[in-house]
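Close look at the chain arrangement
If you want the building blocks of each chain, they are given just below.
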Amino acid sequence: MTNNYKALLESFKLPNGATLPNRIAMSPMLVLASTAEGEITEEDLSYFDKRSQVAGMLITGAASVSKGGRGAEKQINVSTDEIIPGLKKLAETMKKDGNKAILQLHHAGREAIAAYESYGQVVAPSAIDFPFLPYTPKELSHEEILTIIKEFGEATERAIKAGFDGVEIHGANHYLIQQFFSSYSNTREDEWAAHLRSG
Ligand SMILES: Cc1cc2nc3c(=O)[nH]c(=O)nc-3n(C[C@H](O)[C@H](O)[C@H](O)COP(=O)(O)O)c2cc1C
């Protein structure tokens, strides 16, 4: 490695005081090796065991904060306390070579295909009949939005209990949070309207 890249391997202190062993992060990628209920499996652990030396910060693939937000079967589901023992093993594996471990939190909104297969319904900011979806999502009520926000908080608490160093809130890739920011997906007129979200 030439000197131009040397800095990549130097440790780095974040404003909150946490120190990363180097400046490389492994971006979140769905492994889709969990059980149908979203519990951590040996395959999930093995995936990170093999990658524990690739970066100073490893981020899990999107883990669902709510059963109604599951985008894919075999995606990690962090919506109940039963996941904590499995999450602990996952955090230990990700951190075993001195890395920081981050749990990515996710709600798929209208793209919650696994939730649709289980419950026959998915939720979104607005009930828009998109041609690329085989169903029309249900519009979230104000109370349901507050519940989902709480679920992100509860999932964060589980991540802390399991020993993760942090969480990443998945706000991109046309999933629920991005759907709220998009006037294409959010035609609400209440306090959750897109034009009030996008600043
Ligand atoms: C198989 C696969 C799964 C992915 N899963 C996620 C995910 O769970 N969460 C996320 O934010 N991005 C996900 N991504 C996007 C990647 O984190 C990354 O942003 C994207 O691949 C662009 O980086 P690249 O140009 O290096 O591939 C995924 C990408 C791939 C290829």
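Predicted model only: the values in this text are computed from it and were never measured.

1. Observations regarding the overall build of the protein
Looking only at helices and strands, one finds 6 helices and 9 strands in the protein. Taking 2.2 N^0.38 as the reference for a compact globule, 199 residues should give roughly 16 Å; the C-alpha atoms of the protein span a radius of gyration of 18 Å, in line with that estimate. Seen along its three principal axes, the alpha-carbon backbone of the protein occupies a region of about 50 × 35 × 30 Å. When each of the 199 residues of the protein is scored for burial, the buried share is 45%. Nonlocal contacts in the protein, meaning residues at least 24 apart in sequence, comprise 64% of its contacts between residues at least 6 apart.

2. Focus: the UniProt feature "domain: NADH:flavin oxidoreductase/NADH oxidase N-terminal" (unreviewed entry) in the protein
UniProt records the feature "domain: NADH:flavin oxidoreductase/NADH oxidase N-terminal" (unreviewed entry) at residues 12-193, using the numbering of this structure. Its end C-alpha atoms 39 Å apart, residues 12-193 is made of 30% helix and 14% strand.

3. Here's the deal with the packing of helix α1 (residues 42-50) against helix α2 (residues 84-95)
Orientation of α1 relative to α2, taken along the N-to-C sense of each, is 15°, at an axis distance of 8 Å. Our classification of the angle between α1 and α2 gives roughly parallel. As α1 packs across α2, the resulting crossing turns out to be right-handed. Mapping the contact onto sequence places Asp44, Leu45, Phe48 and Asp49 in α1 and Lys89, Leu90, Thr93 and Met94 in α2. Grouping the constituent residues of the contact of α1 with α2 by class yields 4 nonpolar, 1 polar and 3 charged.

4. A look at the site of the ligand
Taken together, Ser27, Pro28, Met29, Leu30, Gly61, Ala62, Gln104, His170 and Asn173 are the residues near the ligand. Contacts to the ligand include Gln104, whose side-chain N or O atom sits 2.8 Å from a nitrogen atom. When the free accessible area of the ligand is taken as 600 Å², the share hidden by the protein chains comes to 41%. For the shell around the ligand, the class distribution of residues is 4 nonpolar, 5 polar and no charged.

5. With respect to the side chain of Arg158
In this fold, Arg158 is placed in helix α4 (residues 142-162). Residue classification places Arg158 among the buried positions, given a relative accessible area of 9%. One polar contact links the side chain of Arg158 to the main-chain carbonyl oxygen of Val78, over a distance of 2.9 Å. Filtering out sequence-adjacent residues up to four positions away, Arg158 remains in contact with Val78, Ser79, Thr80, Asp81, Ile83, Ile84 and Leu87.

6. A look at a nonpolar patch on the surface
Together, Tyr5, Leu8 and Leu9 give the surface a local cluster of nonpolar side chains, amounting to about 290 Å² of exposed area. Along the chain, the position of Leu9 falls in the segment before β1 (12-13).

7. Comments concerning the nonpolar core
Residues Val78, Leu87, Leu90, Leu103 and Phe164 are the most contacted members of the largest nonpolar core, which totals 31 residues. Of all elements in the fold, only α1, α2, β6 (100-106), α4 and α5 (176-181) reach the threshold of two or more residues within this core. It is α4 that provides the largest number of residues to this core, a total of 6 residues. Counting 9 residues, the second largest nonpolar core, distinct from the first, contains Ala112, Ala115, Leu133 and Tyr135.

8. So, the pattern of salt bridges
Counting across every chain of the model gives 8 salt bridges. The partner of Arg158 in a salt bridge is Asp81, and the shortest N-O contact between them spans 2.7 Å. Of the two residues, Arg158 is situated in helix α4 and Asp81 in the loop between β5 (63-64) and α2; the sequence distance between them amounts to 77 residues. Overall, Asp81 belongs to the partly exposed group, its relative accessible area being 46%. Salt-bridge contacts for Lys95 lead to Asp165; the nearest nitrogen and oxygen are separated by 3.4 Å. Taken as a pair, Lys95 in helix α2 and Asp165 in the loop between α4 and β9 (166-169) lie far apart in primary sequence, 70 residues in all. Owing to a relative accessible area of 37%, Asp165 belongs among the partly exposed residues under this scheme.

Definitions and limits used
- Residues numbered from 1 in each chain as written.
- Predicted model: local features only at pLDDT ≥ 70, side-chain atom pairs only at ≥ 80, totals over all residues.
- Heavy atoms only, no water.
- Helix = DSSP H or I, 4+ residues; strand = E, 2+ residues; numbered from the N terminus.
- Rg over C-alpha atoms; globule rule 2.2 N^0.38 Å.
- Buried < 20%, exposed > 50% of the residue type's maximum accessible area, 1.4 Å probe, protein only.
- Contact = heavy atoms within 4.5 Å.
- UniProt positions renumbered as here; feature names shortened; annotations may be inferred.
- Axes fitted to C-alpha atoms, helices over the stretch in contact; angles between N-to-C directions.
- Parallel < 35°, antiparallel > 145°, perpendicular 65-115°, else oblique.
- Left-handed = near helix turned anticlockwise from the far one by under 90°.
- Nonpolar A, V, L, I, M, F, W, Y, C, P; charged D, E, K, R; others polar.
- Near = heavy atom within 4 Å.
- Polar contact = N/O pair within 3.5 Å; in protein donor to acceptor, adjacent residues only side chain to side chain.
- Areas by Shrake-Rupley, 256 points an atom, 1.4 Å probe, with all protein chains shown as cover.
- Patch = residues over 30% accessible without salt bridge, like charges linked within 9 Å, V, L, I, M, F, W, Y side chains within 5 Å.
- Salt bridge = Lys/Arg side-chain N within 4 Å of Asp/Glu carboxyl O.
- Core = buried A, V, L, I, M, F, W, Y, C linked by side-chain atoms within 4.5 Å.

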